[in-house]
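Chain by chain, the residues run as shown.
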Amino acid sequence: MIETALIVETVVKAIIALAVIAGMAGFATFIERKVLAFMQRRLGPMHVGPYGLLQLAADGIKLFTKEDIIPQNVVKPIFMIAPVIAAASAFVAIAAVPYFPEFTVFGYTIHPIISDINVGLLFIMGAASVGMYAPLLAGLSSHNKWSLLGGARAVIQLLSFEVVSGLSILGPVMMIGSLSLINMNDYQIGGVANWLIWKQPLAFVLFAIAGFAETNRTPFDLIEFEAEIVSGYATEYSGMRWGLFFIGEYANMITISVLVSIIFLGGYNDIWIIPGAIAMLIKVSLWIFLFLWVRAAWPHVRPDQLMWVCWKVLMPLALINVLITGIVLV
Amino acid sequence: MELRGFKNRNVSPGYIFFEGEPKPLTSWEQFKRFLSRAVKGELFVGLWIVLREMIRFDIHTLQYPMEKLKMGPRYRAIHKLLRLFDSGSERCIGCGLCEKICISNCIKMDTKVDEKSRKLVTQYSINFGRCIFCGYCAEVCPELAIVHGSSYEHASEQRASFGLKEDMLTPLDKFKANKQKEFPGFGALSKDADKFVKKTPLAY
Amino acid sequence: MFEAIAFYMFSILVIGMFLIVVFSKNALYSMSALAGGMIFISGFFFLLDADFLGVVQIIVYTGAIMAVYAFGMMFFDTTRDVKENIRFKKIIYTLSTLSAIFVIFILLAPVYSGKIEALYPSIQGVGNIQMIGLILFTKYLVPFELAAIMLLAAMISGIVLVKIKMEETPTDIEVAKGEK
Ligand code: SF4
Ligand code: SF4
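Residues numbered from 1 in each chain as written. Chains lettered and ligands numbered in written order. Predicted model: local features only at pLDDT ≥ 70, side-chain atom pairs only at ≥ 80, totals over all residues. Heavy atoms only, no water.

(A) Main features of the confidence of the model for chain C. With 84% of its residues at a pLDDT of 70 or more, chain C has an overall mean of 80. The ipTM value of the predicted complex is 0.76, and its pTM value is 0.76. (pLDDT = per-residue confidence, 0-100.)

(B) A look at the nonpolar core. Counting 120 residues, the largest nonpolar core has Leu-121 and Phe-264 of chain A together with Tyr-69 of chain C as its most contacted members. It is helix H11 (residues 239–263) of chain A that provides the largest number of residues to this core, a total of eleven residues. Once residues lying within four places of it in the same chain are set aside, the contact partners of Leu-121 of chain A are Ile-169, Val-173, Leu-179, Leu-181, Met-184, Leu-259 and Ile-263 of chain A. Judged by nonpolar contacts, the second largest core, of 20 residues, contains Met-109, Tyr-124, Ile-126 and Cys-137 of chain B. (Core = buried A, V, L, I, M, F, W, Y, C linked by side-chain atoms within 4.5 Å. Buried < 20%, exposed > 50% of the residue type's maximum accessible area, 1.4 Å probe, protein only. Helix = DSSP H or I, 4+ residues; strand = E, 2+ residues; numbered from the N terminus. Contact = heavy atoms within 4.5 Å.)

(C) Summary view of helix H3 (residues 42–56) of chain B. Residue and element names in this part refer to chain B. Here H3 contains 15 residues, and its C-alpha end-to-end distance of 21 Å stays within 8% of the 21 Å for a straight helix at 1.5 Å per residue. Every buried residue belonging to H3 is among Leu-47, Val-50, Leu-51 and Glu-53, and all of these are buried. An end-on view of H3 places all buried positions within 155° of arc, on one side of the element. The outward face of H3, more than 90 degrees from its buried face, is lined by the exposed residues Phe-44, Ile-55 and Arg-56. Positive backbone phi, approximately 55°, marks Phe-57, located one or two places after H3. (Expected span 1.5 Å × (residues − 1). Arc of directions from axis to C-beta.)

(D) Structural view of the interface of chain C and chain A. Between chain C and chain A, the residue contacts involve 30 residues of the former and 34 residues of the latter. Roughly 2,700 Å² is buried in total at the junction of chain C and chain A, and carbon and sulfur atoms are behind 79% of that figure. Of all residues in chain C, Ile-59, Met-66 and Met-73 of chain C give up the largest surface area on contact with chain A, accounting jointly for 22% of the area buried on that side. Across the chain C-chain A interface, the total number found is two residue pairs in polar contact (both at pLDDT 80 or more). Secondary structure elements with two or more residues in the side of chain C that touches chain A: helix H2 (27–47), helix H3 (51–75) and helix H6 (141–161) of chain C. Counting residues per element, the side of chain C that touches chain A draws most heavily on H3 of chain C, at 14 residues. Considered class by class, the residues forming the side of chain C that touches chain A number 21 nonpolar, six polar and three charged. (Buried area = accessible area lost by both parts, 1.4 Å probe. Polar contact = N/O pair within 3.5 Å; in protein donor to acceptor, adjacent residues only side chain to side chain. Nonpolar A, V, L, I, M, F, W, Y, C, P; charged D, E, K, R; others polar.)

(E) Focus on unusual backbone geometry. Although it is not a glycine, Val-230 of chain A adopts a positive phi angle of roughly 55°. Relative to the helices and strands, Val-230 of chain A resides in the loop between helix H10 (226–229) and H11. Of note, Leu-144 of chain B is a non-glycine position whose phi angle comes to about 55°, a positive value. With relative accessibility at 15%, the residue Leu-144 of chain B sits in the buried group.

(F) Expanded view of the packing of aromatic side chains. All names here are of chain A. In the structure shown here, the tally under the stated rule is 22 aromatic pairs over all chains. Here the aromatic rings of Phe-204 and Trp-287 are separated by 6.0 Å at their centres, their planes lie at 80°, and the arrangement is edge-to-face. Here Phe-204 is found in helix H9 (residues 201–214), whereas its partner Trp-287 is found in helix H12 (residues 276–297), with 83 residues between them in sequence. When sorted by exposure, Phe-204 lands in the same class as Trp-287, which is buried. One aromatic cluster is present, formed by Phe-204, Phe-207, Phe-212, Phe-264, Trp-287 and Phe-291 through successive ring pairs. (Phe/Tyr/Trp six-rings, centres within 6.5 Å; stacked < 30°, edge-to-face > 60°.)

(G) Looking closely at a nonpolar patch on the surface. Residue and element names in this part refer to chain A. A contiguous nonpolar patch, built from Leu-202, Leu-317, Ile-320, Leu-323, Ile-324, Ile-327 and Val-328 and spanning about 640 Å² of accessible area, is present on the exposed surface. The dominant element in the nonpolar patch, judged by the number of residues it contributes, is helix H13 (residues 303–329), at six residues. As for its position among the elements, Leu-202 is in helix H9. (Patch = residues over 30% accessible without salt bridge, like charges linked within 9 Å, V, L, I, M, F, W, Y side chains within 5 Å. Areas by Shrake-Rupley, 256 points an atom, 1.4 Å probe, with all protein chains shown as cover. Salt bridge = Lys/Arg side-chain N within 4 Å of Asp/Glu carboxyl O.)

(H) Spatial organisation of helix H6 (residues 145–176) of chain A. End to end, H6 of chain A covers 46 Å across 32 residues, agreeing with the expected 46 Å (1.5 Å per residue, within 8%). Of all the bends in H6 of chain A, the greatest reaches close to 30° and is centred on Leu-170 of chain A; the proline Pro-172 of chain A follows between one and four positions later. (Bend = angle between axes of the 7 residues up to and from the residue.)

(I) Spotlight on the site of ligand 1. Near ligand 1 the following residues occur: Cys-92, Ile-93, Gly-94, Cys-95, Gly-96, Leu-97, Cys-98, Met-109, Tyr-124, Cys-141, Pro-142 and Ile-146 of chain B. Counted by class, the shell around ligand 1 contains ten nonpolar, two polar and no charged residues. (Near = heavy atom within 4 Å.)

(J) Seen up close, the domain arrangement of chain B. By the assigned domains, chain B splits into domain 1 (27–56) and domain 2 (79–189). Computed over C-alpha atoms only, the centres of domain 1 of chain B and domain 2 of chain B are separated by 57 Å. (Domains from an automatic or database assignment.)

(K) Representation of the packing of helix H1 (residues 2–23) of chain C against H2 of chain C within the structure. Residues and elements named next belong to chain C. At their nearest, the axes of H1 and H2 sit 8 Å apart, and the two run at 160° to each other. One element, H1, and the other, H2, form an angle in the roughly antiparallel class. The element H1 and its partner H2 pack so that their crossing is left-handed. Within the contact between the two elements, H1 uses Glu-3, Ala-6, Phe-7, Phe-10, Ser-11, Leu-13, Val-14, Met-17, Phe-18, Ile-20 and Val-21 and H2 uses Tyr-29, Ser-30, Ala-33, Leu-34, Gly-36, Gly-37, Met-38, Phe-40, Ile-41, Gly-43, Phe-44 and Leu-47. Classifying every residue of the contact of H1 with H2 gives 17 nonpolar, five polar and one charged. (Axes fitted to C-alpha atoms, helices over the stretch in contact; angles between N-to-C directions. Parallel < 35°, antiparallel > 145°, perpendicular 65-115°, else oblique. Left-handed = near helix turned anticlockwise from the far one by under 90°.)

(L) Structural view of the pairing of strand S2 (residues 107–113) of chain B. Summarising the sheet, S2 of chain B and strand S3 (residues 119–126) of chain B pair through seven bridges and their orientation is antiparallel. Bridge pairing links Met-109 of chain B to Tyr-124 of chain B in S3 of chain B. (Pairing = 2+ DSSP bridges.)

(M) Structural detail: the pattern of salt bridges. All names here are of chain A. Scanning all chains against the criterion turns up eleven salt bridges over all chains. Linking Glu-32 and Arg-217 is a salt bridge whose minimum nitrogen-to-oxygen distance equals 2.7 Å. Of this pair, Glu-32 sits in helix H1 (residues 2–39) while Arg-217 is found in the loop between H9 and H10, placing the two residues 185 residues apart along the sequence. For the residue pair Glu-32 and Arg-217, the accessibility class agrees, reading buried in each case. Overlapping salt bridges, with partners in common, bring together Glu-32, Arg-217, Glu-249 and Arg-295 in one network.

The structure is reproduced here in structure tokens:
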């Protein structure tokens, strides 16, 4: 009986999380266009609905109803499965993310996390690194030079950022002594002064940089950089398959924002009089805004620069951070 | 390998040549450059500038179908044939200069001698499929008869839509309503043209 | 019940994937199936409540197979079939069949005789990660440290090896040679 209840609860949570995150990912595309436009003295989408709000629906209809083109000479099964990997891995990652403090509805306590596995953090990072297979497979199977270059860059990117994100997170993990995101959150109970960012500033910066690389956001969006390789791995994609890549990217963005908020910025604990859930929303929105802001302001790096900076600068810094944390802890 | 001698085409003095930053030689210099670039905060200047623009909200977008840009007088769009202000008759005297000078050979006209033994323009058309809007015709016209208009919305159902004489000539009713504007742009007299009028030296 | 279903599902998936790895002539299929198989193997770890190992399996093998992909990208046209050129078919097939049977025998013999014992039975109330830590830092301390030192050395030498000087762009060199 209890097992059935658990299964039902998990399924319901999964569906809700999926719908909300997919919706938010769609909404994030709209926000992105607006914010970028404002920063470049433009208005962005204006004509569909009030202030272009329904542009979202228009785009969705367009993506869903477009013909699913599979070009000649591609490796068909792999070409078809690559966008599914992108979206699926992004949504699998959200299974281990706690979003809000637990709350009670009709006397039934709900933990807003789909599955509280005790290695949540590692699980999310694993799912994210599986997500990098999507551009790689898309690039290799597309039979297109630009796609191939995009795929090659995806390899470079994964091999660069994975070390940094893993090592930078080690410091906080050592301090907290757990890989569960809920423990991380509970570690920071009690106001802004207890946030981990004050104890691990270096790790925070490194993890943020690695997060930008992980989600292919601007300074590191070399795998689909129009000016160099047309559209990178997504050159041959159109319609809903392209849309899946897109949703995956935005879902990843949300996941990374939530992760940073939980690990370094105090998670969903109450700040002063702001309740935890709202504090969390504010933090995540600010992080997503930061993603867009950086996209509006900063230039791209070259692949060799990314590798250079990750292996020669950030990785030693992360190691030093781990070392210092270890010394302080002992 | 000095290209500057060739490149210097009498640019105004004070032109700054930028050869790029000096290349760092030793690893220490490289490290210093890396530090200065990383810590100087230039990246944050960029961030601040875009944020400032967002806060100012100084939007330059023109929402096209609802708002339209007013074209300047020198804009060269679809042509117009004007009428004389005094009599309302056509300005074009059928001299054929525009037909002659048109570099894409797209003006075609036909004239005849009418009963008052004056030249009458019976046909005048511009093939806008070929016109490159160079403005030579307007510039060469001695009567300021063929001029450029300012309508830039050129979508039409037929190729010949704007190019016949009836389309380009100011209609009489519009003319009578005093709606014909003198063309201030390409080939027109400038406002201070009077100042430049000189006496013909009769001494020759 | 669920565990049995999951176990058989994952087994079929893993075996199927690795069959594709061996039999496919297309490098892209093989590599993708390899990656898929490695990820499905982590399912067994999750079934055995070894979350940590499962996740580590995913993270490590995605990175590792990524490197295999990089090589595949350099050596093959991944959208075409690879032409295999096997000269001594009989020897290869006999040897591989024999070794497969041998491996199965080695693995199944202790199971069959029922003499499997955990050297380090899991302690009640101690988490998965803690157990791994305990074993790594007691019995396997020396190999662990040796592996760590080896990896560090490999990493540093890798960084040193890729230190190519990019002071001059190809254009600079052409200009210096007087070609432009
Ligand atoms: S140059 Fe002017 S006046 Fe002469 S034919 Fe052309 S439009 Fe008429
Ligand atoms: S604008 Fe140029 S190309 Fe067009 S009709 Fe006049 S002279 Fe010919």
